[in-house]
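The residues making up each chain are set out below.
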Amino acid sequence: SAQEAPRAAEMEDKVLSPEKAEEAKLKARYPHLGQKPGGSDFLRKRLQKGQKYFDSGDYNMAKAKMKNKQLPTAAPDKTEVTGDHIPTPQDLPQRKPSLVASKLAG
Amino acid sequence: MLRAAGPWRGCPGRAGVAGGDGGGNNEVQWCFLQVKGAIDEDVAEADIISTVEFNYTGDLLATGDKGGRVVIFQREQETKSRPVSRGEYNVYSTFQSHEPEFDYLKSLEIEEKINKIRWLPQQNAAHFLLSTNDKTIKLWKISERDKRAEGYNLKDEDGRLREPFRVTELRVPTLKPMDLMVEASPRRTFANAHTYHINSISVNSDYATYLSADDLRINLWHLEVTNRSFNIVDIKPANMEELTEVITAAEFHPHQCNVFVYSSSKGTIRLCDMRSSALSLCDQHSKFFEEPEDPSSRSFFSEIISSISDVKFSHSGRYMMTRDYLSVKVWDLNMENRPVETYQVHEYLRSKLCSLYENDCIFDKFECCWNGSDSTIMTGSYNNFFRTFERNTHRDTTLEASRESSKPRAILKPRKVCTTGKRKKDEITVDSLDFNKKILHTAWHPTDNIIAVAATNNLYLFQEKVN
């Protein structure tokens, strides 16, 4: 019908552009993806790189109060330290400086 | 103004642009020279090369890695006795530049990864370079020692102090030759000036100052002064909720010491003249470079792929080049409304953006570089491919850094990615590309046709074929 033809043409336009096709694919997989694409979410994540959860106040208070009790610690399989337990310095990924020389110099 | 990928054989020998941009029209053939690094399949994260930089003469080549280490290679001088090792680079010095830190006050882990190395021009026998991680810039002095003093009065040859009463006569210590020792020592530490992560450093042509740029601010330093720096750009909004773009790269003009540029995550470049603002805050840019976008073609990915990952001035200072996710653009500093040249690096990835977003590859930051005469530009891609674009002839070449083609003086065979259904022999399909093999960092010798290509943990050196 006359109504369908223009809509079909519109659909065709969208499918033709590879970028728009990829966008449709993404939106199909993640329907709740933010409306502001390149904006604040990415940027804030970028600015927060390196942020780890560790509060020395919490840690010391917990140590003082709970001398006799077990400190709640992260489950062994958890790699992310979050706010629902008291992290210890041991929970933080150990970043030792490289004592080994670069293999490029080998 | 998009140009299709592929060689333009229809216009050979087109007259080059005046002013240091003319180059030979003979196609450069690249030969394998050397490869540095381990061959193991298991790559330790610390060994991943994060920056590559030749010094001003090209005699020294520095690399930085994720483990905070710097390795400097020196070009062998041709001697009559060893003509075969023409132009080979061998290890000159290596040192630990940065170490991992934890900022307990901000709960922030500071990586030791070297983001950038920039050499200072040589002014005496020693060499100086700046290396930076996310937060701290360091000035390193690399000096040679080939003499040692012998015959001290107060200590004996192995350094132990002599009993004073045993010293019965006075002698003058003499200098004796010793095996060459190259020492690296940190001369300055420029710290505590960046809240956000440093992405660029650039030495000024006055050779006395340099800039450091993080996501939101750019600081100007004097090389002699570590306890003070001047903030010259600040794009931090009063309300962080209003943040829409970040600084991605910055560089000083090669000749005009008052001019620098910085690029953004939105694909724009601002040129700033430090003379123009009395308060020395360059928020009012002198020039604003942006290519107009067709609003109907805008998608979720548009802004992400327009983010500029690198900006480099040409040696002549007339042009600058920017790298975004899919292309390299050359801009004439006198034309702000569009680039003068655009080169597609891997346009076939446009139909893979969904997966590249999911595996984060879409955020990979590729660098780009000019050759000495500004006639050719180079940038990396995936599958250990890298691309060169000859500006005069529009000839583009895809090459691969691989162990297979690493025989001495072996000529590199051009590679081709198959974008249609029918794959020819020796072509590779887009789906077969290895997206873990990224060439993010490349460097071109300042005058000769020697290129350094960092492929994850290996450094490849290629040289122009000489008959």
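Scroll up a little and you will see the structure.
Fair warning: this is a prediction, and the values are worked out from it, not measured in the lab.

1. With respect to the sheet that holds strand E10 (residues 137-150) of chain B
Residues and elements named next belong to chain B.
Here comes step 1: Pairing in this open sheet of four strands is antiparallel, and the strands run E8-E9-E10-E11 from one edge to the other. Each edge of the open sheet is held by one strand with a lone partner, namely strand E8 (116-119) and strand E11 (174-190). Put simply, the sheet's adjacent strands are angled 25 degrees from each other on average, direction ignored.
Here comes step 2: Note: E8 against strand E9 (residues 127-132), four bridges, orientation antiparallel. Counterpart to Ile117 in the pairing with E9 is Ser131.

2. Quick look at the interface of chain A and chain B
By a widespread convention, an interface's size corresponds to the accessible area lost as its parts come together.
Here comes step 1: Listed by partner, the interface residues are 39 residues for chain A and 62 residues for chain B.
Here comes step 2: Buried surface at the junction of chain A and chain B, both sides included, amounts to about 4300 Å², of which 56% is carbon and sulfur.
Here comes step 3: Applying the counting rule to chain A against chain B returns four salt bridges.
Here comes step 4: A salt bridge links B:Asp215 to A:Arg46, with the nearest nitrogen and oxygen atoms 3.0 Å apart.
Here comes step 5: At the surface where chain A touches chain B, the tally comes to 11 residue pairs in polar contact (both at pLDDT 80 or more).
Here comes step 6: Those elements that provide at least two residues to the side of chain A that touches chain B are helix H2 (18-29) and helix H3 (40-47) of chain A.
Here comes step 7: Considering every element that reaches the side of chain A that touches chain B, the biggest residue donor is H2(A), with eight residues.
Here comes step 8: For the side of chain A that touches chain B, the class distribution of residues is 17 nonpolar, eight polar and 14 charged.

Thresholds applied
Residues numbered from 1 in each chain as written. Chains lettered and ligands numbered in written order. Predicted model: local features only at pLDDT ≥ 70, side-chain atom pairs only at ≥ 80, totals over all residues. Heavy atoms only, no water. Pairing = 2+ DSSP bridges. Helix = DSSP H or I, 4+ residues; strand = E, 2+ residues; numbered from the N terminus. Axes fitted to C-alpha atoms, helices over the stretch in contact; angles between N-to-C directions. Contact = heavy atoms within 4.5 Å. Buried area = accessible area lost by both parts, 1.4 Å probe. Salt bridge = Lys/Arg side-chain N within 4 Å of Asp/Glu carboxyl O. Polar contact = N/O pair within 3.5 Å; in protein donor to acceptor, adjacent residues only side chain to side chain. Nonpolar A, V, L, I, M, F, W, Y, C, P; charged D, E, K, R; others polar.

All we've got here are geometric facts, nothing functional implied.
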